[in-house]
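Topology and contacts: notes
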Amino acid sequence: MSLLAIRDVTRRFGGLTAVDGVSFDVYEGSIKAVIGPNGAGKSTLFNLITGFDRADEGVVMFDGERLTGKRPDAIVRLGVARTFQNTRLFEEMSALDNVRVGCDLEVPRGFFRSALRLGVRSGEAAMRQRAHHLLRVVGLEERAEVPASDLPHGTRRLLEIARALATRPRLMLLDEPAAGLNGAETRTLIEALYRIRDDGVTLVVVEHDMGLVMEVAEEIVVLDRGAKIAEGPPLLIQKDPVVIEAYLGEECEPGGC
Ligand SMILES: Nc1ncnc2c1ncn2[C@@H]1O[C@H](COP(=O)(O)OP(=O)(O)OP(=O)(O)O)[C@@H](O)[C@H]1O
Ligand SMILES: [Mg+2]
């Protein structure tokens with residue numbers, strides 16, 4: 001069933017239509033990619049889904065509930081997490097503490113416990129254990145005590161994914177998770193994405209790394225100048241002349257990019 005439904009969403013900045021009447025569905029348990037040239041509207045679309053920006057037209061529904069008009073924190077509590085194109089970490093905190101901050105955002109399940117002032121210690125211990133687990137999911141367990149500012153660029157993106165996971169999302173939106181990652185880090189990322197999906201989290205990934213996209217995505221949406229120009233499985237998208245013309249170019253031959 002459709003977990004996320006985007007319907008006729010439009011966002012204008014002055015004379016520029018950054019997102020132009022975009023509609024698509026994301027099905028529970030799937031990995032969907034959103035691709036397209038620079039400035040196509042991918043990050044703006046993520047902002048509209050997650051409440052960081054407001055659509056001029058259209059609606060976004062998550063599990064039958066309207067996200068449009070809600071604030072980012074309310075959307076996180078409904079089970080939608082995201083990462084940013086430019087990582088946003090607490091630089092002086094350790095990797096582990098960055099993930100624990102994410103655990104704190106998990107408001108509904110923690111509410112009664114803290115209201116009754118019960119189990120605070122065991123709650124903290126459980127949170128620490130969970131944060132370690134999430135670092136393991138993204139292959140960063142060895143770096144738990146390292147301050148975020150000391151982590152290499154690629155590793156920072158993985159840490160941001162662990163922090164987003166700490167909010168226990170049902171849907172996670174990743175904006176260019178492979179940007180700046182080397183081959184080994186990209187492999188770790190791909191394995192983490194499968195683990196996360198197998199754990200029941202639905203994923204939407206904006207990415208320019210076509211190797212990653214074609215490998216992990218079950219379905220791809222292609223945006224160009226704000227509009228959706230194609231949608232379908234990787235094998236069809238790779239061969240679509242409209243997509244090749246707008247984005248993939250000549251170097252992306254059928255069978256691989
Ligand atoms: N706050 C804003 N004010 C004005 N214009 C904006 C704003 N945010 C985005 N834009 C414009 O909207 C268009 C879409 O931008 P967006 O960042 O969504 O593209 P993108 O597909 O994420 O590109 P990239 O692959 O480079 O990250 C661009 O032309 C951008 O300059
Ligand atoms: Mg972007």
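A brief structural summary. (Residues numbered from 1 in each chain as written. Chains lettered and ligands numbered in written order. Predicted model: local features only at pLDDT ≥ 70, side-chain atom pairs only at ≥ 80, totals over all residues. Heavy atoms only, no water.)

**A few points about the overall build of the protein chain**
- For the protein chain, the helix and strand inventory stands at 10 helices and 10 strands.
- The buried share among the 257 residues of the protein chain stands at 49%.
- Only carbon and sulfur atoms are counted for the fraction: they give 51% of the accessible area of the protein chain, which is about 12100 Å². (Helix = DSSP H or I, 4+ residues; strand = E, 2+ residues; numbered from the N terminus. Buried < 20%, exposed > 50% of the residue type's maximum accessible area, 1.4 Å probe, protein only. Areas by Shrake-Rupley, 256 points an atom, 1.4 Å probe, with all protein chains shown as cover.)

**Quick look at the nonpolar core**
- If you look at the biggest cluster of nonpolar residues, it comprises 37 residues, and the most contacted ones within it are Leu135, Leu159, Met172 and Leu203.
- Those elements that provide at least two residues to this core are helix H3 (95-104), helix H5 (120-137), helix H6 (153-165), strand S7 (171-175), helix H7 (183-198), strand S8 (202-206) and helix H8 (210-216).
- Among all residues touching Leu159, those that are not within four sequence positions of it are Leu89, Ala95, Asn98, Val99, Leu135, Leu140, Ala148 and Leu151.
- Counting 25 residues, the second largest nonpolar core, distinct from the first, contains Leu4, Val22, Val206 and Val221. (Core = buried A, V, L, I, M, F, W, Y, C linked by side-chain atoms within 4.5 Å. Contact = heavy atoms within 4.5 Å.)

**Structural notes on the coordination of the magnesium ion (ligand 2)**
- Of the protein atoms, only Ser43 (OG) and Gln85 (OE1) coordinate the magnesium ion (ligand 2), at distances of 2.0 to 2.2 Å. Taken together, the residues Ser43 in helix H1 (residues 42-50) and Gln85 in the loop between strand S6 (80-82) and H3 connect sequence positions 42 residues apart.
- Residue Ser43 is classed as partly exposed on the basis of its relative accessible area, which comes to 22%. (Donors = N, O, S within 2.8 Å, 3.2 Å for Na, K, Ca; no water.)

**Quick notes on the packing of H6 against H7**
- Between H6 and H7, whose axes approach to 10 Å, the crossing angle comes to 10°. Our classification of the angle between H6 and H7 gives roughly parallel. Contact residues: H6 offers Gly154, Thr155, Leu158, Ile161 and Leu165, while H7 offers Glu185, Thr188, Leu189 and Ile196.
- Of the residues contributing to the contact of H6 with H7, the split by class is 5 nonpolar, 3 polar and 1 charged. (Axes fitted to C-alpha atoms, helices over the stretch in contact; angles between N-to-C directions. Parallel < 35°, antiparallel > 145°, perpendicular 65-115°, else oblique. Nonpolar A, V, L, I, M, F, W, Y, C, P; charged D, E, K, R; others polar.)

As far as function goes, none of this settles anything; it's purely spatial.
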